[in-house]
Amino acid sequence: MSKILIIEDEQAIAELEKDYLELSDFEVVIKNDGESGLESALHNEFDLIVLDLMLPGLDGFEVCRRIREEKDIPVIMVSAKKDDIDKIRGLGLGADDYMTKPFSPSELVARVKAHLARFNRLVGVASKQQNDIVEIRGIRIDKTARRVYVDGEEKIFTTKEFDLLTFLAENPNHVYTKEELFREIWDMDSIGDIATVTVHIKKIREKIEKDSAKPQYIETIWGVGYRFKI
Ligand code: CA
């Protein structure tokens, strides 16, 4: 059940809004001034806020600004004056919608539903944006964050070490010559030669292998190159 906070000093209006929202199965809390409204908004988990502009104490502009510093839930601002809507827009307070009093409570309910649906869709999309991970046995490479974990412990890699490890891990069971790896990871103009590859493989092994002398991940294929074992 979605929880709505109404910050409104006119009790009759607040009660009317509450009745309509409750009929649509929302849980509703009313606060009658800016201070307690803000306090409640910041310290409780609401899904949406209906915020009146003219409030005793802290006004709706300030309340909206302070909520936006900490929360990204939908805020519908309500005002008795049409002019205020331009002002709200002009201030860029981050309100999601504006309604001018008097409005029909069913209009409010419709807008609340629309904003909640939209917000939930956005949050759903965001939570699905997972990092691009390569995982082979105890090694976990987070390509998005460019981090490497070995048996859950983070190891620090230089840029080229990271690129080389990732390339090998993404193409396991394939033997690459040092020349191929050098071309793949370093620019053609890079200063260095295939010995650079050997040095980097050694560094990577020190970080991922339990025993560098008996590598379990990056195998040396004598006379040819390297292979990442599955
Ligand atoms: Ca008011």
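Residues numbered from 1 in each chain as written. Predicted model: local features only at pLDDT ≥ 70, side-chain atom pairs only at ≥ 80, totals over all residues. Heavy atoms only, no water.

Details of the sheet that holds strand β11 (residues 218-221)
- One open sheet holds the three strands; their spatial order is β10-β12-β11, and the pairing between them is antiparallel. The sheet is open, and its two edges are formed by β10 (176-177) and β11, each paired on a single side.
- Direction of pairing for β11 relative to strand β12 (residues 225-228): antiparallel, over a ladder of four bridges. What sits directly across from Ile 218, in β12, is Phe 228. (Pairing = 2+ DSSP bridges. Helix = DSSP H or I, 4+ residues; strand = E, 2+ residues; numbered from the N terminus.)

What to know about the sheet that holds strand β7 (residues 139-142)
- Reading across from one edge, β6-β7-β8-β9 is the order of the four strands in this open sheet, with antiparallel pairing throughout. Only two strands of the sheet have a single partner each, and these edge strands are β6 (133-136) and β9 (153-155). Here the strands of the sheet are splayed against their neighbours by 25° on average, with no regard to which way each runs.
- Sheet topology places β7 next to strand β8 (residues 147-150); four bridges connect them, and they run antiparallel. Bridge pairing links Asp 142 to Arg 147 in β8.
- Sheet strands touched by helix α6 (residues 159-170): β6, β7 and β8. Its angle to β7, the strand with the most contacts, is close to 115°. (Axes fitted to C-alpha atoms, helices over the stretch in contact; angles between N-to-C directions. Contact = heavy atoms within 4.5 Å.)

Regarding the pairing of β6
- What you see with β6 is a clean split: Val 134 and Ile 136 sit on the buried side and Ile 133 and Glu 135 on the side with no burial.
- Note: β6 against β7, four bridges, orientation antiparallel. Residue Ile 133 lies in a different strand from β7, and its bridge partner there is Asp 142.
- Between the antiparallel neighbours β6 and β7 lie two residues, among them Arg 137 with a positive phi of about 45°. (Buried < 20%, exposed > 50% of the residue type's maximum accessible area, 1.4 Å probe, protein only.)

Looking at the pattern of salt bridges
- Taken as a whole, this structure holds 21 salt bridges when the rule is applied.
- Two residues, Glu 62 and Arg 66, come together in a salt bridge whose shortest N-O distance is 3.4 Å. A residue pair is termed a helical-turn pair when its members lie 3 or 4 positions apart in one helix, as Glu 62 and Arg 66 do in helix α3 (residues 60-70) at four residues.
- Here Glu 170 and Lys 143 are joined by a salt bridge, their closest N and O atoms 2.7 Å apart. Of this pair, Glu 170 sits in helix α6 while Lys 143 is found in the loop between β7 and β8, placing the two residues 27 residues apart along the sequence.
- Exposure remark for Lys 143: the relative accessible area of 29% places this residue in the partly exposed category.
- Each member of the salt-bridge network shares a partner with another, and the members are Glu 8, Glu 10, Asp 52 and Lys 101. (Salt bridge = Lys/Arg side-chain N within 4 Å of Asp/Glu carboxyl O.)

What about the coordination of the calcium ion?
- Distances from the calcium ion to its protein donors, Asp 9 (OD), Asp 52 (OD) and Met 54 (O), fall at 2.1 to 2.3 Å.
- Here the donor residues of the calcium ion share one chain and are spaced in sequence as D-x42-D-x1-M. Of this pair, Asp 9 sits in the loop between β1 (3-7) and α1 (11-23) while Met 54 is found in the loop between β3 (48-52) and α3, placing the two residues 45 residues apart along the sequence.
- Look at Asp 9 and you get partly exposed, because its relative accessible area is 32%. (Donors = N, O, S within 2.8 Å, 3.2 Å for Na, K, Ca; no water.)

A short note on unusual backbone geometry
- At the junction of Lys 101 and Pro 102, the peptide bond is cis and its omega measures out at -5° in the coordinates.
- Tracing the chain through its elements places Pro 102 in the loop between β5 (97-100) and α5 (105-128).
- A positive phi angle, close to 70°, is found at Asp 25, a residue other than glycine.
- Note on placement: Asp 25 falls in the loop between α1 and β2 (27-31).

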